[in-house]
Amino acid sequence: MSDLIVGPMGNDLILWRCLHGGPLSWANIDAPAPHPEIDWPSTRARNLPLLEKLIGTYGACAIVARAGEKAIATLRFYPKALCEFGPGGAAFCLQQPYPAGPKDDRAAGAFPPPDALPDKTLFVHCLLIVSPPEEPARYRRKGLATRMALELIRWAREKGWDAIEAHAYEEIPLLYAISGVAGRRFWEKIGFRVVHADTEPGMTGELLEAIRKDAAAAGIPAERAANRYRMRLELAAL
C-alpha cells in the first residue's frame, strides 16, 4: 500500500462521478460506461461546478487515494450545514437525481465561508474503495480506509473544523454493499463515538429480512440489524 498517494481532492482531478465502475483518471472520467440509465451529461453539468465551488470555498470535499494516475478510493465529506437530512440521509449522492442527489442548481446556492458557518462540523457522506477487475481484492482489508479517515482528521484539524460526523450501521456485509458507509466499529476504532441511534426507515420487507439473516450469521442481534448510528469525533479533544 506504500505505492498509494492519499490526500485531499483538488482541481487537478475532480471526481464528478463515483468509482462504482472502477478506478477513474483523466483518461476515462468523461467517458462513463456503467449505469446506462444515468443521464451522464446532466450529471456532469450539475456535479462539476458544485464540487469546484466546494473546493474553492472549503479547500476540499473528499480524500482520494491514487495508484499512479488512477483514483481507486474516495472518502467524500461536506460541511454538515450544507447537507439536507431526511429519510434517505444527506442529499449529496453524486450519481442520483434530487432528492437523493443535489438539486441541479445547488452550485448557485449559498456557500457560507468556513468562519460564517453556524456549525463547523464535517459530515462524511460515503467511503468507497475499488480495485482493478483483474485483482478484485487488491486494496481491500489493507488498512486503506483507516488511512483515509486519519488523513481527513488531520486535514480537518489543520483547517480549523470542530468535529466530524458520519452515519454508520452494524458491520453486516449486505449493508456494506448497499450503503457506501463504513461500519460502527470502524469509526469507534479511530475515536468516534455514537451520539444518536435510530432505525433506518428504508429497511423493511424483504430487505430487512435479508439484513437480519446477515446479522445472525455475523453474530449480531436481530434487533440491532436495522440500526443507524450517528458517529461523532470532537477534534478539539485530540
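Just so it is clear, the model here is predicted, and its values are computed rather than measured.

**Student:** Is there a simple way to explain the side chain of Arg46 in this structure?
**Tutor:** Along the chain, Arg46 turns up in helix 1 (residues 40-58). Despite its burial, Arg46 pairs with no opposite charge, the nearest such side chain being Asp104 at 4.6 Å. Of note is the side chain of Arg46, whose polar atom sits 2.9 Å from the backbone oxygen of Gln96. Beyond its immediate sequence surroundings of up to four residues, Arg46 is in contact with Cys93, Leu94, Gln95, Gln96, Pro97, Tyr98, Gly101, Pro102, Lys103 and Asp104.

**Student:** For this particular structure, what's the right way to read the sheet that holds strand 2 (residues 62-67)?
**Tutor:** In a beta sheet, neighbouring strands are held together by backbone hydrogen bonds and run either parallel or antiparallel to one another. Taking strand neighbours across the sheet as the criterion, the seven strands line up as 1-2-3-4-5-7-6 in an open arrangement whose pairing is mixed. Among the strands making up the open sheet, the edge pair consists of strand 1 (4-8) and strand 6 (193-199). With strand direction ignored, the average angle separating the axes of adjacent strands in the sheet is 20°. Against the sheet, helix 2 (residues 144-159) contacts strand 1, strand 2, strand 3 (70-79), strand 4 (121-129), strand 5 (163-169) and strand 7 (227-234), and its axis sits at roughly 35° relative to strand 1.

**Student:** Explanation requested: the pattern of salt bridges in the structure shown.
**Tutor:** Two side chains of opposite charge can pair, provided their charged atoms sit close to one another. In this structure the tally under the stated criterion is 14 salt bridges. Salt-bridge contacts for Glu151 lead to Arg154; the nearest nitrogen and oxygen are separated by 2.7 Å. Here Arg154 and Glu151 lie together in helix 2, a separation of three residues that amounts to about one turn. Exposure remark for Arg154: the relative accessible area of 39% places this residue in the partly exposed category. Between Glu170 and Arg224 there is a salt bridge, with the nearest N and O atoms lying 3.1 Å from each other. Of this pair, Glu170 sits in the loop between strand 5 and helix 3 (173-179) while Arg224 sits in the loop between helix 5 (205-217) and strand 7, and the two are 54 residues apart along the sequence. Exposure remark for Glu170: the relative accessible area of 7% places this residue in the buried category. Under the relative-accessibility criterion, Arg224 is labelled partly exposed at 32%. By sharing partners, the salt bridges in this structure join Lys80, Glu165, Arg230, Arg232 and Glu234 into a single network.

**Student:** Looking at this model, I keep getting lost on the packing of aromatic side chains. Mind explaining?
**Tutor:** Geometrically, a pair of aromatic rings is defined through the distance of the ring centres and the angle of the planes. Under the criterion given, the structure shown has six aromatic pairs. With a centroid separation of 6.0 Å and 75° between ring planes, the pair formed by Trp16 and Trp40 is classed as edge-to-face. In this pair, Trp16 sits in the loop between strand 1 and helix 1 while Trp40 sits in helix 1, placing the two residues 24 residues apart along the sequence. For the pair shown, Trp16 and Trp40 are each scored as buried. Between the aromatic rings of Tyr78 and Phe92, the centroid separation amounts to 4.2 Å while the plane-to-plane angle is 20°, which identifies the pairing as stacked. Of this pair, Tyr78 sits in strand 3 while Phe92 sits in the loop between strand 3 and strand 4, and the two are 14 residues apart along the sequence. You can call Tyr78 buried: its relative accessible area is 1%. One residue, Lys120, lies across the ring of Trp161, its end atom 5.8 Å from the ring centre. Positioned above the aromatic ring of Tyr229, the side-chain terminus of Arg184 is 4.6 Å from the ring centre.

Reading guide: rules and limits
Residues numbered from 1 in each chain as written. Predicted model: local features only at pLDDT ≥ 70, side-chain atom pairs only at ≥ 80, totals over all residues. Heavy atoms only, no water. Helix = DSSP H or I, 4+ residues; strand = E, 2+ residues; numbered from the N terminus. Buried < 20%, exposed > 50% of the residue type's maximum accessible area, 1.4 Å probe, protein only. Lys, Arg positive; Asp, Glu negative; His and termini not counted. Salt bridge = Lys/Arg side-chain N within 4 Å of Asp/Glu carboxyl O. Polar contact = N/O pair within 3.5 Å; in protein donor to acceptor, adjacent residues only side chain to side chain. Contact = heavy atoms within 4.5 Å. Pairing = 2+ DSSP bridges. Axes fitted to C-alpha atoms, helices over the stretch in contact; angles between N-to-C directions. Phe/Tyr/Trp six-rings, centres within 6.5 Å; stacked < 30°, edge-to-face > 60°. Lys NZ or Arg CZ within 6 Å of the ring centre and 35° of its normal.

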